[in-house]
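Listed below are the residues making up each chain.
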Amino acid sequence: MPPTDSGAGPLAGIRILEVGTMLAGPYATMMLADLGAEVTKLEPVSGDISRQVSDSYFASLNRGKRSVRIDLGSEGGRARLGELVAGSHALLVNLKPSAIRRLGLTYDALREFNEKIVCVAITGYGLRGGDDPAFDYVIQAAAGIAALTGDPEGPPTLPGYSSADNSTGLTAALGLLAQIVSGRGGQIDVSLYEVMLSQLNYHAAAYLNDGKRPRRRPFGAHSYYVPAQIFPTAEGYLALFVTHDGFWKSFAAEAGVTGFERMADRAAHRAEVLEAVTAALAADTATGWEARLRPLGIPAAAVRELPEALDTSLDTVVTAGEYRLVGNPIRVTGYRPEYGPPPRLGEHDD
């Protein structure tokens with residue numbers, strides 16, 4: 001159950017400016033706003049472009065923030081930016097590197113207003129990486145994510161949600177907080193491309209150290225663990241993730257599978273193990289297997305669509321103004337966020 005105390009959040013008193021568009025930057029600062037930071041979106045007169053996508057889209061990334069309209073290209077806008085920076089702990093921006101520099105949104109350009117300001121830049125390939133187009137799906141393709149996703153007999157595909165933007169937003173928030181904790185101002189440079197390479201950690205290590213090229217496997221099978229993938233059942237699909245011999249012993253006893261007691265045996269005889277597990281799982285439905293395996297401590301879940309997942313996870317759904325949204329996944333003992341609505345454009349102009 002979520003805590004009932006709604007005292008001050010862990011980031012109460014922290015003031016953050018955001019020059020963010022679409023997803024990565026706004027998601028980063030929304031996570032911080034949920035935890036008590038005061039986040040002010042600095043928007044052009046036309047607003048963050050994500051306002052044009054849909055009201056619910058904008059709300060999902062900008063709840064609980066303030067909105068100030070500012071023309072960063074004008075002399076007056078520059079002066080106003082300096083005033084805001086002087087009273088803030090951090091500024092986070094996600095734009096092209098050339099735009100970040102042109103608008104003076106780097107630490108070198110803003111330190112005159114506040115030596116301790118933390119400036120976080122989210123870009124596609126880094127502040128020195130150029131202005132090549134770098135939207136989420138492009139990065140997933142460039143970094144090797146798409147090549148690892150999908151059936152090996154079919155084309156490369158994408159995970160189905162904005163994994164690069166979301167992951168980079170969280171990474172940027174971590175970098176921002178780390179620099180604030182240090183007590184020093186400075187520039188934080190976070191790129192979508194490097195974040196996604198980082199998230200390919202063990203795949204990258206296997207190639208860099210052992211020369212093993214990663215490859216797609218049927219049903220999204222794990223490179224090392226067997227069986228660890230999606231399996232068809234009598235009805236529906238089941239995710240099964242057997243990572244050690246204890247899990248296998250319990251699963252094998254319940255499913256009536258014999259042999260392959262050691263992890264090395266299962267890895268060496270992948271095809272035979274998968275054939276035996278697939279045959280065993282055909283005897284029951286995905287939800288049936290889930291109900292049987294979970295009490296045994298075996299990691300297993302029926303594949304559900306998002307509406308089903310939300311319908312069974314109502315404690316994660318919160319209200320922010322007129323919107324129902326998924327709340328912050330960070331549960332802090334003694335603190336419950338008060339989710340505010342997304343701001344109207346320019347709602348907090350002077």
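The rules behind the values
- Residues numbered from 1 in each chain as written.
- Predicted model: local features only at pLDDT ≥ 70, side-chain atom pairs only at ≥ 80, totals over all residues.
- Heavy atoms only, no water.
- Salt bridge = Lys/Arg side-chain N within 4 Å of Asp/Glu carboxyl O.
- Helix = DSSP H or I, 4+ residues; strand = E, 2+ residues; numbered from the N terminus.
- Buried < 20%, exposed > 50% of the residue type's maximum accessible area, 1.4 Å probe, protein only.
- Pairing = 2+ DSSP bridges.
- Right-handed = clockwise from strand over helix to strand, strands pointing away.
- Arc of directions from axis to C-beta.
- Contact = heavy atoms within 4.5 Å.

Novice: Help me understand the pattern of salt bridges, please; the structure alone is not making it clear to me.
Specialist: If the charged atoms of two oppositely charged side chains come close together, the side chains can form a pair. One pass over the full model with this rule turns up 14 salt bridges. Between Asp245 and Arg266 there is a salt bridge, with the nearest N and O atoms lying 2.9 Å from each other. Here Asp245, found in helix H10 (residues 245-255), pairs with Arg266, found in helix H11 (residues 263-268); they are 21 residues apart in sequence, far enough to count as distant. Since its relative accessible area comes to 0%, Arg266 is described here as buried. Residues Glu254 and Arg292 are paired through a salt bridge, measuring 2.9 Å at the closest nitrogen-oxygen approach. You can see Glu254 sitting in helix H10 and its partner Arg292 sitting in helix H13 (residues 286-293), a full 38 residues away along the chain. Connected through shared salt-bridge partners, Glu18, Lys41, Asp48 and Lys65 make up one network.

Novice: Is there a simple way to think about the pairing of strand E2 (residues 38-43) in this case?
Specialist: Looking along a regular strand, one sees the side chains alternate between the two faces of the sheet. The buried fraction of E2 amounts to five of the six residues, a majority that puts the element mostly inside the structure. With four bridges connecting them, strand E1 (residues 15-19) and E2 associate as parallel partners. Note on E2: the bridge partner recorded for Arg15 is Glu38. Pairing analysis gives four bridges linking E2 to strand E3 (residues 66-69), with the strands arranged parallel. In the sheet register, Lys41 faces E3, and the bridge partner there is Ser67. The handedness of the E2 to E3 crossover, carried by helix H2 (residues 55-62), is right-handed.

Novice: Before we go on, may I ask you to explain helix H8 (residues 192-199) in this structure?
Specialist: Since one α-helical turn is 3.6 residues long, residues separated by three or four positions face the same way. The set of residues buried in H8 consists of Leu192, Val195 and Met196. Considered in projection along H8, the buried side chains sweep an arc of 95° and stay on one side of the axis. Of the surrounding elements, those touching the buried residues of H8 are strand E5 (118-123), helix H6 (136-142), helix H7 (163-182) and strand E6 (186-191).

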